[in-house]
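The chain contents come next:
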Amino acid sequence: MNAPTTRRLTVAQALVEFLAHQYTERDGRRHRLIHACWGIFGHGNVAGLGQALLESGAASHQGATAGPPALPYLQGRNEQAMVHAAVGYARQCDRLSAQAVTTSIGPGATNLVTGAALATVNRLPVLLLPGDVFATRPADPVLQQLEVPSAGDISVNDALRPVSRYFDRVTRPEALIPAALQAMRVLADPVDTGAVTLALPQDVQAEAYDWPAEFFADRVWRVPRPAPDADSLAAAVRALRGARRPLVVAGGGVHHSEAEGALCAFADATGIPVASTQAGKGSLRHDHPADVGGIGHTGTATADALAREADLVLGVGTRYTDFTTASSTLFAAPGVRFVNLNIASFDAHKLGAASLVADARAGLEALTKELSGHRVAAEYEAAYRAAKAGWERRVDAAYAAEDPSVRPSQTQVLGALDAVVDDTDVIINAAGSLPGDLHKLWRARSRRQYHLEYGYSCMGYEIPAAIGVRLAAPDRPVWALVGDGTYLMNPTEIVTAVQEGINITLVLIQNHGYASIGGLSQATGGERFGTDYRFRAEDGTYTGAPLPVDLAANAASLGMQVLRAATVGELRAALAEARGANRPTCVYVETETADTVPGAPEAQAWWDVPVAETATRPAAVAAREAYDRHTAGRRRHL
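The rules behind these values
Residues numbered from 1 in each chain as written. Predicted model: local features only at pLDDT ≥ 70, side-chain atom pairs only at ≥ 80, totals over all residues. Heavy atoms only, no water. Buried < 20%, exposed > 50% of the residue type's maximum accessible area, 1.4 Å probe, protein only. Helix = DSSP H or I, 4+ residues; strand = E, 2+ residues; numbered from the N terminus. Pairing = 2+ DSSP bridges. Phe/Tyr/Trp six-rings, centres within 6.5 Å; stacked < 30°, edge-to-face > 60°. Lys NZ or Arg CZ within 6 Å of the ring centre and 35° of its normal. Axes fitted to C-alpha atoms, helices over the stretch in contact; angles between N-to-C directions. Contact = heavy atoms within 4.5 Å. Parallel < 35°, antiparallel > 145°, perpendicular 65-115°, else oblique. Left-handed = near helix turned anticlockwise from the far one by under 90°. Nonpolar A, V, L, I, M, F, W, Y, C, P; charged D, E, K, R; others polar. 1 Å grid on protein atoms, 1.4 Å probe; cavity = no way out; pocket = protein on both sides within 12 Å on 5 of 7 lines; lining within 4 Å. Points joined across faces, edges and corners; volume = space filled by probe spheres on them. Salt bridge = Lys/Arg side-chain N within 4 Å of Asp/Glu carboxyl O.

Draft legend 1. Highlighting the pairing of strand E2 (residues 22-26). Counting buried positions over the five residues of E2 gives five, a clear majority of the element. Both faces of E2 are covered, namely the face carrying Gln 22, Thr 24 and Arg 26 and the face carrying Tyr 23 and Glu 25. Taken together, the four bridges between E2 and strand E11 (residues 219-222) define a ladder with parallel strand orientation. The residue of E11 that forms the bridge with Thr 24 is Trp 221. Both E2 and strand E3 (residues 29-32) contribute to a ladder of four bridges, which runs antiparallel. Pairing of Glu 25 across the sheet is with Arg 30, part of E3.

Draft legend 2. Region of the structure containing the packing of aromatic side chains. Taken as a whole, this structure holds eleven aromatic pairs when the rule is applied. When the centroid spacing of 6.1 Å and the interplanar angle of 85° are considered together, the rings of Tyr 320 and Phe 338 count as edge-to-face. Taken as a pair, Tyr 320 in the loop between strand E15 (312-316) and helix H12 (322-325) and Phe 338 in strand E16 (residues 337-342) lie far apart in primary sequence, 18 residues in all. Here Tyr 320 and Phe 338 have matching classes, each one buried. In this arrangement the basic side chain of Arg 7 is found over the ring face of Phe 216, its NZ or CZ atom lying 5.1 Å from the centre.

Draft legend 3. Here's a closer look at the sheet that holds strand E12 (residues 246-250). Taken together, the six strands give an open sheet; going across it, the order is E14-E13-E12-E15-E16-E17, and neighbouring strands pair in parallel fashion. Edge positions in the open sheet fall to strand E14 (291-294) and strand E17 (354-357), since each of these has one partner strand only. Looking at each pair of strands side by side, their axes are set apart by 20° on average, direction ignored. By the bridge criterion, three bridges tie strand E13 (residues 274-276) to E14 in an arrangement that is parallel. By the bridge assignment, Val 274 is partnered in E14 with Asp 291. Strands E12, E13 and E15 of the sheet are contacted by helix H10 (residues 260-270), whose axis makes an angle of about 170° with E12.

Draft legend 4. Structural detail: the packing of helix H16 (residues 410-418) against helix H17 (residues 434-441). Put simply, H16 and H17 touch, their axes get as near as 10 Å, and they point 50° apart. Classified by the interaxial angle, the pair formed by H16 and H17 is oblique. In this structure, the crossing between H16 and H17 has a hand that is right-handed. Residues Gln 410, Thr 411 and Leu 414 of H16 lie in contact with H17, whose contacting residues are Leu 434, Asp 437, Leu 438 and Leu 441. Residues that form the contact of H16 with H17 fall into these classes: four nonpolar, two polar and one charged.

Draft legend 5. A look at empty space enclosed by the protein. Per the counting criterion, the structure on display carries four cavities of 30 Å³ or more. The volume enclosed by the largest cavity comes to roughly 610 Å³. What lines the largest cavity is a set of 42 residues, and nearest its centre among them are Gly 252, Gly 253, Ala 279, Gly 317 and Arg 319. Those elements that provide at least two residues to the lining of the largest cavity are helix H9 (252-256), H12 and E16. Ranked by residues supplied to the lining of the largest cavity, first place goes to H9 with three residues. Classifying every residue of the lining of the largest cavity by side-chain character gives 17 nonpolar, 16 polar and nine charged. By volume, the second largest cavity is sized at about 150 Å³. Taken together, 18 residues line the second largest cavity, and the ones lying closest to its centre are Lys 281, Asp 291, Gly 293, Glu 392 and Trp 442. Broken down by secondary-structure element, the contributors of at least two residues to the lining of the second largest cavity are E14, helix H15 (378-399) and H17.

Draft legend 6. How the structure looks around the packing of H10 against helix H14 (residues 360-370). Relative orientation of the contacting elements H10 and H14 amounts to 20°, with a least axis distance of 9 Å. On the basis of their axis angle, the class for H10 and H14 is roughly parallel. Of the two elements, H10 crosses H14, and the hand of that crossing is left-handed. From H10, Ala 262, Leu 263, Ala 265, Phe 266 and Ala 269 reach across to H14, where they touch Arg 361, Leu 364, Glu 365, Leu 367 and Thr 368. In the contact of H10 with H14, the residues fall into seven nonpolar, one polar and two charged.

Draft legend 7. Expanded view of the pattern of salt bridges. In total, this model carries 35 salt bridges according to the counting rule given. With a closest N to O distance of 3.4 Å, Arg 361 and Asp 27 form a salt bridge. Note that Arg 361 is positioned in helix H14 and Asp 27 in the loop between E2 and E3, a separation of 334 residues in sequence. Between Asp 608 and Arg 634 there is a salt bridge, with its nearest N and O atoms 2.2 Å apart. With Asp 608 in the loop between strand E23 (585-590) and helix H24 (618-631) and Arg 634 in the segment after H24, the pair connects residues that are 26 residues apart, well separated along the chain. Judged by relative accessible area, Arg 634 falls into the partly exposed class, the value being 39%. The structure contains a network of salt bridges with shared partners spanning Arg 26, Asp 27, Arg 29, Arg 225, Glu 258, Asp 359 and Arg 361.

Listed below in structure tokens is the structure:
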């Protein structure tokens, strides 16, 4: 008997079935492209995708289909947080596997926008499936519909257009086929990936259609490793051979390409030092002789000094954010030139570079081969290694806490954590003062240990991202490091971790406000205005006593095991206990607010945050004078 040529399913059922049969493949290894679907249901998706996910899972469990559920369902508490969890999952999977997120129309859909922007900025794949208003418009407006008098085809989902790498609204059943295929193409594309949105009108989701059977066949999206072209490679090799003080800037593309081994071989062969962006940290182990640490505004003294004097910069998988370039003031040597190895032509051409458009691993392997026998001068190598050793002594000093009975500083918290973890642990952070401390001080032991979301630096990312990472790597201890400001933004997914038994560890640091922005405010003449969590004083400012909040009690109320640590000694014990726990656990610690990160004037790299050009308060006047001095050093690399 011939197999049927069509299957009658609703649009939602067809989409769920289609997603279950999509795969990526790189280096001969196949991965499920869409691993699961997060969802919060409302009238825009409950009877469409909600019903389809239920039916798919129930059929699988009853033996009607082979293998696991067509698309496993994960219950979230906040739509933005669900996107963060999906992004954390995709990053841990080297962008080869992703997750979907479905919401209702209205506020459920608009809550996706921040997460979508984060995914697209960081070039990380996530599939967004928001419900939409009726395509057939039997009632107009419906609940939660935005009416635009000048256009009848706009809904709140259009807010997702600028933050999506691909957007489509499926207004007819048959339109799902090209839309779904285009969505998968973008998700699997190492250049174009990011948030992909398929807006699904609620009536269309429930409408049946006779789908061609081949729509549900297994489909493999191959992720290529394009090699550099011969002429560009030859030019890059000439530039590197002619450089006296070359420096590699390793970005997130090294990790996405799984190019860490190729970078290590390149550094071993050439002796060229390697500095890393926030996304690229861990590209080399911290103890590799060529690893000189983070670069830029939050970088180490060693890396930033090398950057100032470099005559040739080889950027690998980096998009050169203002933190990396110190707002175009860091690479200061006269005549400094750039060679950029990047799979995206857009990034490869930045800073007037000689571009090497290729996969990071393929490009590094080609460079290493063509540079055979070439090595930097022994004096240069000895100098940066000595500077690296000096910086490590500063890190030791920042981590040290000789008296275990005192309240720890934030850097001593990191030191205590450093003593507990091994190569398998993953450290997650995104915003506040912690990214700067981590970029300078953290000793990354493995390729995916250091998980900093600093492209969008979104407060509230850490806890849901930890869930996503743990889903991708269930055997790895996962730590979410958050301050009180970040915690208050988005603690809701603690409930999800507890419900699903997803064993993450939260390190909750209480410093009574926005420490990072407080410091920035002070430096730019803002006098820390509105950055502390305190009662109002008589003059109307927030300079009274600290607020009597108990965030540890809040975490406990959401189901976490909570370990309170008041001293360095208690913190060490709590971290060790938490790492061995078999349930979601929070380590709560109140820190000293003094900045103990090691540094020196020459280690500081500027960040351009404009200061008031006219002001009457002395702090702002002084800050503007300093700003004008810094802007004089800014340059265009053409």
